[in-house]
Each structure stands twice: as structure tokens, then as C-alpha cells.
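One letter stands for each residue in the lines below.
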Amino acid sequence: MIEVKNANKHFGTNHVLKDINATFEDGKCNLIIGRSGSGKTVLMKCLVGLFTPETGEILYDGRDFAHATSAEKKKIRQDIGMVFQGGALFDSLNCEENIAFPLKMFTKMTRTEIKERVNYCMDRVNLVNANKLFPSEISGGMKKRVAIARAIALKPKYLFFDEPNSGLDPQTSIVIDELIIEITKEINATTIINTHDMNSVFEMGERIIYIFKGEKNWEGDFTQIAKSDNKELIDFIFASNLLKRVKDTF
Amino acid sequence: MGRTFGRVDKWSAFWSSVIREIDKLGMGSIVIVSIISVFIGAVISIQLAVQIDSPLIPKFTIGFGTRDTVILEFSSTVIGLILAGKVGSNIGSEIGSMRVSEQIDALEIMGVNSANYLILPKIVAALIINPILTLMSMILGILGGYIACISSGLLDSDTFIFGAQYYFKPWHLYYSLIKSIVFAFIITSISCYKGYYVEGGSEEVGKASTKAVVNSSISILFWNLILTVLLLL
Ligand SMILES: Nc1ncnc2c1ncn2[C@@H]1O[C@H](COP(=O)(O)OP(=O)(O)OP(=O)(O)O)[C@@H](O)[C@H]1O
Ligand SMILES: [Mg+2]
């Protein structure tokens, strides 16, 4: 479980996160949704410690991350897997080496054990015949898969995805979403996903936090969205005419 | 920047990075350094020969002058500036693009000290390889001078070799190697710094790599003067 308490973050005079309080649960896909520029990525980067909020606490199963010493941080980080918006694969390493990287850095596994784990992770995300290819040689969807495989290599307890579907076609998006759900259940991870993909919201929104201009404006699950009378949320979710019509049929 | 010199996460990974960087920074520069050294060495000796066209000055001075110019200034400073251009832009854009594509963030998330992991091997590799390149440049520069003098008939072989050995001060060699080590540190640390702190997109990466070259070149010129005053005067 990850908890955020009273987190505030400014960039200069720009107050990006305003007193955010939230809880992200184990074994569930926790979604952070909101318009472009609302602060989703900043919130996620605060959660994983790439940014430090000026006030507030970030608790990983009770362990305070924001004020941890660097040794404690390092320990927590080995339980974190993150998939960045663009994949952030190391472009000097091929797919296989990318996935093996955390294993080589942080475990005492032998070469064969690493190889086995890499193959397992690649299988898990349905990557075939990509072992020796470099990131520049594969498609966006494959990059996402390699990034997911790398993120799960160390069997993390906490998984973060920053817009896992951006730049993917709707079918591939669904495949990736399903993969994320499966993996979350399988390892009982605390999974946090930034998204503005409506499909994902209804497919995996077991817990949803809606960020509006840096504030937590609403929370709940996808079944509660249509019943909600929160104007900002409704405008955001049912932005297109098609979806508006769908909503009216509820 | 302090984190660059922090504890290494995994030594085996560190040393294999150092080897890779030596290969990339050093081996990648051997050809250009060799070509420039031979040609400039040749030109230096010919220019000296043209200037020393007086019966009062012994001919071996050409060998002597070529040696001293190459060892004192050319091989350390000029090669330093060339490497600032080549290696500086290379490092600046490599680390800069890792920053903008979030690869550095990805390292941090895993718990890797990214500054240490990416930058330290480059600095160590340059500290090892730059004096070696400089030494090689000295040998090739003097050889270039020798070939130019002999083949153009300006001087005979024995006289050049006598001149090249005449009144040799080992301290000059050490002075030059010390400079090359300092320049190696300047080039790699400035370029890594510029790349590491890029913000924005690919345009900023380009700017950072230009800044890496300009700033390291200027620093080299500045430290060249300081070290010369400190070590030679
Ligand atoms: N490194 C930074 N320096 C300064 N301001 C920043 C920085 N990162 C984000 N911001 C600002 O914080 C605000 C929120 O940005 P953020 O990236 O979190 O949006 P987002 O919700 O992730 O949007 P998107 O859906 O487009 O990714 C923006 O106004 C942005 O300008
Ligand atoms: Mg974002």
C-alpha cells in the first residue's frame, strides 16, 4: 500500500500539486486520471522520488520515502518497477540486456539464472524473437513490452506506469492493459497508472483518482463514475459526443 | 555533482564500463590524433627549417625545436582541444539524450546512482587514455618532423636525431602529461555536466553538446596557461 499525505509541489510560482491525499491499494490497478497538464506525471514522480514534494509524506507500507536516507531509499527502490511514457529503454543495450540490467546490478544471480529470468519476463509480455534487437529497431508497442518486462524483472511490489497506452493503437492498448491487470494480480503489486485513455478507465479502474488542476477532485471506481454528479469529472470522462450518448443510455 | 564520486554500486559493472569507454573515447580517437600529429609535426619542422636559414645556428636545432614544440605544447594542448571537440560533443549528446528520454530517471528509479554510473567511468577512462594518446602523439609528431626533413633533404637523419635528443629535459615530458591528465578531467567532467543537466528536448541536447565543446575548450586554454605558469616558470 502506498499513501500520500498532504503533498504539495511548486515549480517556481506554479503550484502543481495542491495538498494531495491518496491511498493506493495492493493487488489493484490504481488509476490517476486527469487532463493534460493537471499534474499526473509530477504526482507519479513525487511518489517514486524523482521529485521531492515541499510538504507531505509518501509512505510505502508505512515506510516514509520522501524523508528516507539514501540507503533506505535505495532499498525501497529495488521494490519499485516503473514504465515511463516513452519506455526509457537504454539505447546502448539490446532488449535482452535491458531486461537483464537490474538483475545484473542488484542480484547475485548467475549468468544462466539471469538468462532464465529474462526469458521468463519476455515470455510474460509475449515478446518473441526480439532478444538481440536494439530499442531503435523495435516498434512503440514492443518498447512498452520490453519496458514492462524490465520493470517486473526484480519482482517488484510496486509498479508504476506513466501513460502505458500513449501512442498505441486501441487493440494494442487493450493487450497492454490486460497484461498490466494480469501481472498486478499475479504478484499482488500495488500498481499505479497515469492515463487519460477512457478505455483503460473502464477496463481497469478498480480505484480511480481524478486530478483537476493539481487537486484531487474525485475518487472512486469505474462503476461510480457514471453516477457521479461531479461536473469536472463528467466533463473530462464524457468529453466526446459519442461517450455523452453512451452515458445517456445508462 | 558530488554524487558522481560516491560509492560505486557494482564494481564489475563499473570496470566493464571503463573498458567500454576507453574503447569508445580512446580507440575512436587514435586515427584522428595520429593523422594530425604526423602532419603538424612535419609542418613544424619545415617551418623551423625555413626560419633557421642562418649559418650561425646549427642545423640540429630543427630536430631540437620540433621535439620541444611537439612535447611542450602541441601534443597536450592541441590534441586536448581536438578531443574537446570530438569527445566533448559525443559525451554531451549521449548523456543529454539519456536525460531527455528519461533513461537517467529510469536508472534512478532502479536505485542506481546515475551520475556515478554514467559519468565516473567516462572520467576514469579519459584519465587513463588521454596521457597515452598524448604520448603517442608526441612520438608521431616527432616522426612526422623527421620524415619531412629527411624526405625533403632539409636535414640528414643523424643531425635530426641528434637534435631531437639534445638537452632533453624529462620534466617537460611530465609537464605535458600532467596537462593531458588535467585536460582529460576538464573535457569529461564539463561535457558530462552539460549533458546531465539538460532540460527539455532534442534541441536542448544539441545546445548542450555545443556548450560542452565551447566550455571545455575555453577551460583547456585557461588551465594550459595556469599550469604552464605553475610548472614551467
Ligand atoms: N520539470 C518541471 N519543471 C517545471 N514545471 C514542470 C516540470 N514538470 C512539470 N511541470 C509543470 O507541472 C504541470 C503538470 O505537469 P504534468 O507533466 O504532471 O502534467 P500531466 O498531467 O502529466 O500531463 P500529460 O497528460 O500531458 O502528461 C505543468 O503545468 C507543467 O508545466
Ligand atoms: Mg504526463
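All residue numbers refer to positions counted from 1 along the written sequence of the respective chain. All chains are assigned letters beginning at A, and all ligands numbers beginning at 1, according to the order in which they are written. Owing to the predicted nature of the model, reporting of local features is limited to residues with pLDDT of at least 70; listing and counting of side-chain atom pairs is limited to 80 or more, with chain, interface and lining totals taken over all residues. Computation of side-chain values: all heavy atoms of the structure, hydrogens and water removed.

A. Structural detail: the sheet that holds strand 1 (residues 2–11) of chain A. All names here are of chain A. On the basis of which strands lie adjacent, the open sheet formed by four strands has the order 2-1-4-5 and antiparallel pairing. Every other strand in the sheet has two partners, leaving strand 2 (14–24) and strand 5 (63–64) as the edge strands with one partner each. By the convention used here, strands pair only if DSSP detects at least 2 bridges between them. Secondary structure is summarised from DSSP: a helix means a run of H or I of at least four residues, a strand means a run of E of at least two, and numbering begins at the N terminus for each. Summarising the sheet, strand 1 and strand 2 pair through seven bridges and their orientation is antiparallel. When the sheet's bridge partners are listed, histidine 10 is paired in strand 2 with histidine 15. Two residues form a contact once any of their heavy atoms are found within 4.5 Å. Axes here refer to lines fitted to C-alpha atoms; in helices the fit is confined to the stretch in contact. Angles between the N-to-C directions go from 0 to 180 degrees. Set on the sheet, helix 1 (residues 40–47) makes contact with strand 1, strand 2 and strand 4 (55–60); between it and strand 2 the angle comes to about 60°.

B. Just the side chain of serine 45 of chain B, in detail. All names here are of chain B. Here serine 45 lies in helix 1 (residues 11–51). Engagement of the side chain of serine 45 in a polar contact is seen with the backbone oxygen of glycine 145, the distance being 3.3 Å. Residue contacts for serine 45: discarding those within four places in its chain leaves Ile62, Thr66, Gly145, Ala148 and Cys149. Distance and chemistry together define a polar contact, namely a pair of N or O atoms within 3.5 Å, with one atom able to donate a hydrogen and the other to accept it when in protein, and with adjacent residues in sequence counting only for side-chain atoms on both sides.

C. Highlighting the packing of helix 2 (residues 61–100) of chain B against helix 5 (residues 157–165) of chain B. Residues and elements named next belong to chain B. With their axes 6 Å apart at the nearest point, helix 2 and helix 5 run at an angle of 45° to one another. As far as their axial angle goes, helix 5 and helix 2 are oblique. Where helix 2 crosses over helix 5, the two elements pack in a sense that is right-handed. Across the interface between the two elements, Gly63, Phe64, Thr66 and Arg67 from helix 2 touch Phe160, Gly163, Ala164 and Gln165 from helix 5. Three classes are used: nonpolar for Ala, Val, Leu, Ile, Met, Phe, Trp, Tyr, Cys and Pro, charged for Asp, Glu, Lys and Arg, and polar for all others, with Gly counted as polar. Its residues placed into classes, the contact of helix 2 with helix 5 shows three nonpolar, four polar and one charged. Put simply, angles under 35 degrees are roughly parallel, angles over 145 are roughly antiparallel, angles from 65 to 115 are roughly perpendicular, and the rest are oblique. Rotating anticlockwise by less than a right angle from the far helix to the near helix defines a left-handed crossing, while the corresponding clockwise rotation defines a right-handed one.

All we've got here are geometric facts, nothing functional implied.
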